[in-house]
Amino acid sequence: MNSFLTGDTIVFLLRGLGITLVIALSTIVLSFIFGSVLGIARYTERGIAAKLAALYIDTVRNIPLLLFIIGFRFTLPLPPVISAITAMTVFTSAMVAEIIRGGLNSIPQGQWEAAYSQGFSFAGTLMHVVLPQTVRRIRKPLMGQFVTAIKDTSFCSIIAVKELMYSGTIIMGKYVKSIQVIALYAVIALVYFSVNMLLLGISKKMVKEQS
Amino acid sequence: MYESGGKMKRSVKVLVAGIIMLAAAGSAFAKSDALSKIKKAGVLKVGVKEDVPKFGYLNPSTNKHEGFEIDLAGAIAKKIFGDENKIKFTGVTAKTRGPLLDTGEVDLVLATFTVTDARRKVYDFSDIYFTDAVGIMVKKSSGVASFKDLDGKTIGVAQSATTKKALQEAADKIGIKIKFSEYATYPEIKTALDSGRIDAFSVDQAILLGYMEDSVMLLPERFEEQPYGAAIKKGNTDLLELVNSVVDDMKKSGELDALLKKNGLK
Amino acid sequence: MFELYRWKELFQNWFVFAEGFGITVALSAVSLAAMLILSIVVGLVRCSGNRVLKGIMLAYINFFQNTPLVIQILFMYNVLPRAGIVLSPFACGVFGLSLYTGAFGASIIEAAINAVPKGQKEAAYSQGMDYIQTMFIIVLPQAVRTALPPLANQCVNMIKNSSALAFVAGGDLMYRADSWASDTLYYPQSFIFTGLLYLSLCLPLSKWAERLEKKAVRV
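Below or above, wherever it landed, is the structure these notes cover. Because the structure is a prediction, the values reported are computed rather than measured.

1. Re the overall build of chain C
Stage number 1. Per the secondary structure count, chain C includes nine helices and zero strands.
Stage number 2. Reading the secondary structure of chain C in the N-to-C direction produces α-α-α-α-α-α-α-α-α.
Stage number 3. For the C-alpha atoms alone, the extent of chain C along its principal axes is close to 70 × 50 × 25 Å.
Stage number 4. By the burial criterion, 45% of the 219 residues in chain C qualify as buried.
Stage number 5. Restricting the contact set of chain C to residue pairs at least 6 apart, pairs at least 24 apart contribute 77%.

2. Some remarks on the environment of A49(A)
All names here are of chain A.
Stage number 1. Among the structural elements, A49 can be located in helix α2 (residues 47-60).
Stage number 2. Given 15 C-beta atoms within 10 Å, A49 falls into the partly exposed group.
Stage number 3. For the pair formed by A49 and L38, sequence separation is 11 residues and the distance between their alpha carbons is 8.5 Å.

3. Points about unusual backbone geometry
Stage number 1. In this structure, S160(B) takes a positive phi of about 75° despite not being glycine.
Stage number 2. On the basis of neighbour counts, which here come to 23 C-beta atoms within 10 Å, the residue S160(B) falls in the buried class.
Stage number 3. Even without a glycine there, the phi angle at L185(C) is positive, about 70°.
Stage number 4. On the neighbour-count criterion, L185(C) (19 C-beta atoms within 10 Å) is partly exposed.

4. Remarks on helix α7 (residues 131-161) of chain C
Stage number 1. A rise of 1.5 Å per residue sets the reference length of α7(C), with its 31 residues, at 45 Å; its end C-alpha atoms lie only 35 Å apart and thus fall more than 12% short of the reference.
Stage number 2. At V139(C), α7(C) shows its strongest bend, of approximately 50°, with the proline P141(C) following within four residues.

5. Concerning the interface of chain B and chain C
Stage number 1. Contact residues are listed per partner, giving 15 residues for chain B and 12 residues for chain C.
Stage number 2. Residues that form the side of chain B that touches chain C fall into these classes: four nonpolar, seven polar and four charged.

6. Here's the deal with the sheet that holds strand β1 (residues 44-48) of chain B
All names here are of chain B.
Stage number 1. Read across the sheet, five strands follow the order β5-β1-β6-β14-β7 without closing on themselves; strand pairing throughout is mixed. Two strands close off the open sheet at either side, each with one partner strand: β5 (87-91) and β7 (123-125). For this sheet, the mean angle separating the axes of adjacent strands, direction not counted, is 30°.
Stage number 2. By the bridge criterion, three bridges tie β7 to strand β14 (residues 231-233) in an arrangement that is antiparallel. Note on β14: the bridge partner recorded for Y123 is K233.
Stage number 3. Of the strands in this sheet, β1, β5 and β6 (108-110) are in contact with helix α3 (residues 68-81), which crosses β1 at around 165°.

7. Let's talk about the sheet that holds strand β3 (residues 56-59) of chain B
Two strands in a sheet stick together by hydrogen bonds in their backbones, pointing the same way (parallel) or opposite ways (antiparallel).
Residues and elements named next belong to chain B.
Stage number 1. Read from one edge of the open sheet, three strands run β2-β3-β4, paired in antiparallel fashion. The strands lining the two open edges of the sheet, one partner per strand, are β2 (51-52) and β4 (64-66).
Stage number 2. As paired strands, β3 and β4 are joined by three bridges and run antiparallel to one another. Residue Y57 lies in a different strand from β4, and its bridge partner there is E66.

8. Remarks on the interface of chain A and chain C
Stage number 1. Between chain A and chain C, the contact holds 29 residues from the first and 28 residues from the second.
Stage number 2. Elements supplying a minimum of two residues to the side of chain A that touches chain C: α2, α3 (65-75), α6 (122-152) and α8 (178-210) of chain A.
Stage number 3. The dominant element in the side of chain A that touches chain C, judged by the number of residues it contributes, is α8(A), at 10 residues.
Stage number 4. A class-by-class count of the residues in the side of chain A that touches chain C yields 19 nonpolar, seven polar and three charged.

The rules behind these values
- Residues numbered from 1 in each chain as written.
- Chains lettered and ligands numbered in written order.
- Predicted model: local features only at pLDDT ≥ 70, side-chain atom pairs only at ≥ 80, totals over all residues.
- Helix = DSSP H or I, 4+ residues; strand = E, 2+ residues; numbered from the N terminus.
- Buried ≥ 20, exposed ≤ 12 C-beta atoms within 10 Å, placed from the backbone.
- Contact = placed C-beta atoms within 7 Å.
- Expected span 1.5 Å × (residues − 1).
- Bend = angle between axes of the 7 residues up to and from the residue.
- Nonpolar A, V, L, I, M, F, W, Y, C, P; charged D, E, K, R; others polar.
- Pairing = 2+ DSSP bridges.
- Axes fitted to C-alpha atoms, helices over the stretch in contact; angles between N-to-C directions.

What follows is the structure, given as structure tokens:
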């Protein structure tokens, strides 16, 4: 039954997993940075930065990731993996921005007022009072978005980037028996599942250690 | 006042002349600088197939590119740099190979790229280095024995390939109706054939051969000849001339034949 | 790449995109209905007392939330036919989207039900209502109000995810846009136009979700 699990195939799939993780982790880090800037900018509701952030977020958030992935690949002179990371970062940043803005919105006005009465500036309040509380509240949706980033790397298979899904597709093109095909899908699904559960597990552990 | 007027007229003339000269110089550079840019970069960026055995194939065991088009790319790199290894390969599909030329991500595409008049409007092509034809793969168990048996059936093709047009014309000629399902990559089409989603898988025969196994067979008909040429961004005439000279020299010297034999294509 | 004649050709072929748009809308509508029913059913089970059923539902939720939609749809497209179950690409889309988004919806409903004060349930039981009656008459109406904003967001996600049908030659907007662009090589035009079409679908929904959120916060 497992005649497709030869040494070569396993290595090939592992390389695919490697690319998946590279794309996902790059996206997560970059979109967290960029998304935070966007989310805070929109939250402040001051000046042109807030308006631009709002425009970016509202546009990007309402267009499918697949469109960015295909679109960027065919119009920007970037190597395949970089193009995929760029598309995913552009999209995920908008999602992260909204999560952060939601978190900031959930902080009661009273916190701001108390801080101001203590003499904190806007930036100071943000840094020392509001953000720390926000981080705790957004952990869950943020982790959810990062898990989604790992899953969404599978969209990159349509532009023939050799991440896990496309690597599996290539192998599947050579195997015909139903058992083999089912087993291959099962293996790939299991890998995604395990990686995501691992990520969620790590995040829960980090919270426990903090408290 | 008269004097400043005169000075202005003169400086305007100088400015205009300068702009014209710059533009002329610029267009002279624009015409032939692709090759010098490549030499400066030190590598030739080539788009190749990675899933077509004998033409452009990424060997999963060695993780190296191999095939006739790979060897041809090496010969071109040798002509430019004197070293056939100064190449950076980028895997492409029928879908991605054209746009990558436009964006400049690759300098050259050697990827079973069929030359057509419509495509010539968009890209420059070298002299033909191989001619294939479109074939059709069906399941042995389907009972389909020839093209006309595919009346009313669905054929899987790759997006951006010439296959769709070739088959539609052939179907119209003999008066049958066929439907198409498009996919982004070949392995997906083969899998769809295996699971019965489509009744046939069609593409250039060279590519089909990479997917042959016991449960499938090729229909006897061959359609529309597919002449392969190297694709280059429109306007890069210097690179085009160099590639043509390589291909023509190799044809004359018999080197092209030798490469075809080496890769099992003759 | 951005020449005017390319745009002209795009608009002459507007029906290609219109067909795709129609499929996407139909797909989203049907999947939405299925997903809502599924979410409520699973959410209710998750809040019931039955340990076995709760466990099964948890497995469903965990599996579908943590595996890519693409693999689920491709599985239905390429594997099920071998077992004799041949779903059309549209059906694969409906099942895939509702099962996938439903897993998230179920979590949302579960959390919303748990957010309803326990006192409500106890009062209902003391009045002689059983589990089903309690849920449908007392708890769910309140839970739905809490759940509406995140559910609306999931709906937007679902419309975006419907683009996955492009993987299985599903005739949706993404597939058509890609197919047309592949034939003509007019990529920028095709994708900008498609982006605007998706925007027209999703933006109103997102704004509505935002308004719902603001209302909820005030309460």
